[in-house]
Structure formats: structure tokens, C-alpha cells
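Structural description and commentary
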Amino acid sequence: MLAGALGEEPYFVTHLARQRAGHGVLLVAWRAFSPVGHVYLWLAPAEEPEVRDRLPGVPLIVHLRVAPQHRGRRIGSRLMDVAERRLSELGHARVALGVDLDNHRARALYRRRGYRDWPYPPVPTTREVFRPDGRVEAMADVCHILVKDLREAPRPYSRRPAPGEARRL
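Description of the overall build of the chain
- Scanning the chain from terminus to terminus reveals 5 helices and 7 strands.
- Traced from its N-terminal end to its C-terminal end, the chain shows the element sequence α-α-β-β-α-β-α-β-α-β-β-β.
- Taking all 169 residues of the chain together, the buried fraction comes to 38%.
- Taking all contacts inside the chain whose residues are at least 6 apart in sequence as the whole, residues at least 24 apart take part in 61%.
- Element-wise, carbon and sulfur atoms account for 53% of the exposed surface of the chain, whose accessible area totals about 10,400 Å².

So, the confidence of the model for the chain
- Residues at a pLDDT of 70 or more form 86% of the chain, whose mean pLDDT is 86.
- Summarising per-element confidence for the chain, the mean pLDDT is lowest in helix α1 (residues 2-6) (51) and highest in strand β4 (residues 94-100) (97).
- pLDDT under 50 marks residues 156-169. Its contacts with residues more than four places away, or in other chains, come to 11 contacts.

Examining the nonpolar core
- If you look at the biggest cluster of nonpolar residues, it comprises 21 residues, and the most contacted ones within it are Leu27, Leu41, Ile61, Leu97, Tyr110 and Tyr115.
- At the level of secondary structure, the elements contributing two or more residues to this core comprise β1 (24-31), β2 (34-42), β3 (60-66), α4 (75-89), β4 and α5 (104-112).
- Broken down by element, this core gets its largest block of residues, 5 residues, from α4.
- If near-sequence neighbours (up to four positions away) are discounted, isoleucine 61 is found in contact with Val39, Tyr40, Leu41, Met80, Ala83, Glu84, Leu87, Val95, Ala96, Leu97 and Tyr115.

A few points about the environment of glutamate 50
- Inspection of the secondary structure assignment puts glutamate 50 in helix α3 (residues 49-54).
- Overall, the relative accessible area of 27% leaves glutamate 50 in the partly exposed class.
- Note: C-alpha distance between glutamate 50 and threonine 125 (75 residues apart in sequence) is 9.9 Å.
- Ignoring anything within four residues of it in the chain, the contact list for glutamate 50 reads Trp118, Val123 and Pro124.

So, the pairing of β1
- As paired strands, β1 and β2 are joined by 8 bridges and run antiparallel to one another. From the neighbouring strand, leucine 26 faces β2, where its bridge partner is tyrosine 40.

Quick look at the environment of valine 95
- By secondary structure assignment, the location of valine 95 is in strand β4.
- Valine 95 sits in the buried class, given a relative accessible area of 0%.
- Considering only alpha carbons, one finds valine 95 and alanine 83, 12 residues apart in sequence, at a separation of 9.7 Å.
- Every residue in contact with valine 95, bar those within four places of it in the chain, is listed here: Val58, Pro59, Ile61, Leu87, Tyr115, Leu146, Val147, Lys148 and Leu150.

Some thoughts on α5
- Three or more residues of α5 are buried, namely Ala106, Arg107 and Tyr110. Burial along α5 is one-sided: seen end-on, the buried residues are contained in an arc of 100°. Of the residues in α5, the exposed ones pointing more than 90 degrees away from the buried face are His104 and Arg105.
- Elements that come into contact with the buried residues of α5 comprise β3, α4, β4, β5 (116-117) and β7 (136-149).

The rules behind these values
Residues numbered from 1 in each chain as written. Predicted model: local features only at pLDDT ≥ 70, side-chain atom pairs only at ≥ 80, totals over all residues. Heavy atoms only, no water. Helix = DSSP H or I, 4+ residues; strand = E, 2+ residues; numbered from the N terminus. Buried < 20%, exposed > 50% of the residue type's maximum accessible area, 1.4 Å probe, protein only. Contact = heavy atoms within 4.5 Å. Areas by Shrake-Rupley, 256 points an atom, 1.4 Å probe, with all protein chains shown as cover. pLDDT = per-residue confidence, 0-100. Core = buried A, V, L, I, M, F, W, Y, C linked by side-chain atoms within 4.5 Å. Pairing = 2+ DSSP bridges. Arc of directions from axis to C-beta.

Listed below in C-alpha cells is the structure:
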């Protein structure tokens, strides 16, 4: 059902297997009995030596996706809220994530959510590309790493109203 609604069947097969092995948690957003977005909480040690050495035991938020027709409805923000709350409930004090060097909008969004750039250079990493035929292709990538202290009081997140949407006061 997930793959049918959101595509990326190899992604779900891989990440559900990782979840069964205790290496992470897949969170899915639903709307009217249909999945509309997802995010994975990577609880295993980071694959990147720089991240593993400098942030030992810190979980990663990876692969946040919202179906294109459902974007702009705060689904991604709600997934992040649930992800951060779940990690906090699991006893984690911090969380990290990586953002592509050219994804300035995502980086600004995460900063507004309380994430801070770590004081080290961008990290070489590998991005998994899940092909429809079931192949998983590893592609070289470089990311900015951002870290959030989950013990801090949550910061209010505000967004612009969508066209035609009334703003609540």
C-alpha cells in the first residue's frame, strides 16, 4: 500500500527491513486512509565516519518526503514534529540531519525549526537511489549537517498561509 501510493517500493522494502532489525523507525503520514508522506529515523550508527565520530549515538532524520499533490499543507512539518517527539521519548537529547549543499530552502526551514549548522565542513556521503526495478544505487553526495537539541523548548513554527487560506489569530 505504501509503495503503491508513494512509489519507491525498494525504499520501503529496505527501510521496513531496517526497522524490523531495530535500526530505525519509519513514520508515515496518512490522509483519509492513504499515505501522503514519510520520514525515516535512523537509529543505527551513522555511515559517515565524521558524523559517527563527532555525534556518537545521535539519531538521524533521513528521507523526508511528502507526495507532490499534498505539499504545502504542513504534512512535512507535522512529520518532523512527530519524529522529534518520538526521538525525545526514546531518550535522545539531540538529532541530526543532512541537507544537500544546494538545497537552501530546506536548510532555512530546518534552521527555523531550531536546527543549527555543525561547526565542521560539509560531509561526503552516499545517497541511496531506489530504482523501480528494485535496484538500489549508491551515488556520491555532500551534505551540510544540522543538529538540534531536543531538550530545548520547542520553537513555534510559522508559515505563510496558502493562497485563499485564512490566517488564524
